[in-house]
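Below, each chain spelled out in residue letters.
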Amino acid sequence: MSPPHRQSVARISEELGIHVITLYKWRKTWRLQGEVVPASAKDPEGWGATDKFTVVLETAGFNSTELSAYCRERGLFPKQVDRWRQAAQDANKKPVLTLKEQKDLDHRHQQDQREIKQLKQELRRKEKALAEAAALLLAAKKIQAFWGEDGDD
């Protein structure tokens, strides 16, 4: 199951005669112990965030030689690990709001919601007025057509 072989649980079960449920339990145990056991046989770019982050943590203190050896054992490339490490670092770049900033943001959100509600009410009122004006115009045209025909006789 683990890299670089990455065989599916079903295939391993079939080859070794071990029940699928047992293999899934083993995989779960290994993952809880911090082992890199991807949930699928996909290539490493298709791994989940948890597996990628585990690799980043495991290789955090490695020099380039150790990283290369680690990658060979698991069927990875050092550049992949570098990209994953950079992605993990970039994920934490988003600034955290202070309590005052959060309150200000919530207050602006409430104001925006009130404004949206008022604009919707105004739009409904104007749509009703437009529908009424259209009905009056249509009625006026019908009356004009009726009186226009009657006046010719």
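The structure under discussion appears in the preceding block.
An account of the accompanying structure is given in this report.

Rules used in this analysis
- Residues numbered from 1 in each chain as written.
- Predicted model: local features only at pLDDT ≥ 70, side-chain atom pairs only at ≥ 80, totals over all residues.
- Heavy atoms only, no water.
- Helix = DSSP H or I, 4+ residues; strand = E, 2+ residues; numbered from the N terminus.
- Buried < 20%, exposed > 50% of the residue type's maximum accessible area, 1.4 Å probe, protein only.
- Contact = heavy atoms within 4.5 Å.
- Areas by Shrake-Rupley, 256 points an atom, 1.4 Å probe, with all protein chains shown as cover.
- Core = buried A, V, L, I, M, F, W, Y, C linked by side-chain atoms within 4.5 Å.
- Arc of directions from axis to C-beta.
- Salt bridge = Lys/Arg side-chain N within 4 Å of Asp/Glu carboxyl O.
- Polar contact = N/O pair within 3.5 Å; in protein donor to acceptor, adjacent residues only side chain to side chain.

### As for the overall build of the protein
Helices and strands together make up the secondary structure of the protein, namely six helices and zero strands. Ordered by position from N to C terminus, the α and β elements of the protein give α-α-α-α-α-α. Residues classed as buried in the protein amount to 18% of the 153 residues present. Partitioning the contacts of the protein with sequence separation of at least 6, the portion at a separation of at least 24 is 45%. In the structure as shown, the protein presents an accessible area of about 12,200 Å², 57% of it carried by carbon and sulfur atoms.

### Overview of the nonpolar core
In this structure, W47, V55, V56, L67, Y70, C71, L76, V81 and W84 together form the largest nonpolar core, which totals nine residues. Of all the elements in the fold, those that place two or more residues in this core are α3 (49-58), α4 (64-74) and α5 (78-91). Here this core gets three residues from one element, more than from any other, and that element is α4.

### Things to note about helix α1 (residues 9-16)
Listed as buried for α1 are V9, I12 and S13. End-on, the buried residues of α1 take up no more than an arc of 100°, which puts them together on one face. Exposed residues lying more than 90 degrees from the buried face of α1 are A10 and E14. A positive backbone phi angle near 75° is found at G17, which sits one or two residues after α1.

### Description of the pattern of salt bridges
By the definition in use, this model includes four salt bridges. Taking the shortest distance from any N to any O, the salt bridge between E15 and R11 comes out at 3.1 Å. With E15 and R11 both in helix α1 and four residues apart, the pair spans about one turn of that helix. Put simply, D104 and K100 hold a salt bridge, and the shortest N to O gap is 3.5 Å. Of this pair, D104 and K100 both sit in helix α6 (residues 99-152), four residues apart, which is roughly one turn of the helix.

### Digging into α4
Looking only at α4, the buried set comprises L67, Y70, C71 and R74. Down the axis of α4, the buried set is contained in an arc of 100°. They therefore lie on one face. When the buried face of α4 is taken as reference, the exposed residues oriented beyond 90 degrees from it are T65 and R72. Its buried side turned inward, α4 meets α3 and α5. Its side-chain oxygen at 3.0 Å from the backbone nitrogen of T65, N63 defines the N-terminal cap of α4. Just downstream of α4, G75 is the residue with a positive phi angle, here 70°.

Nothing here speaks to function; it is geometry throughout.
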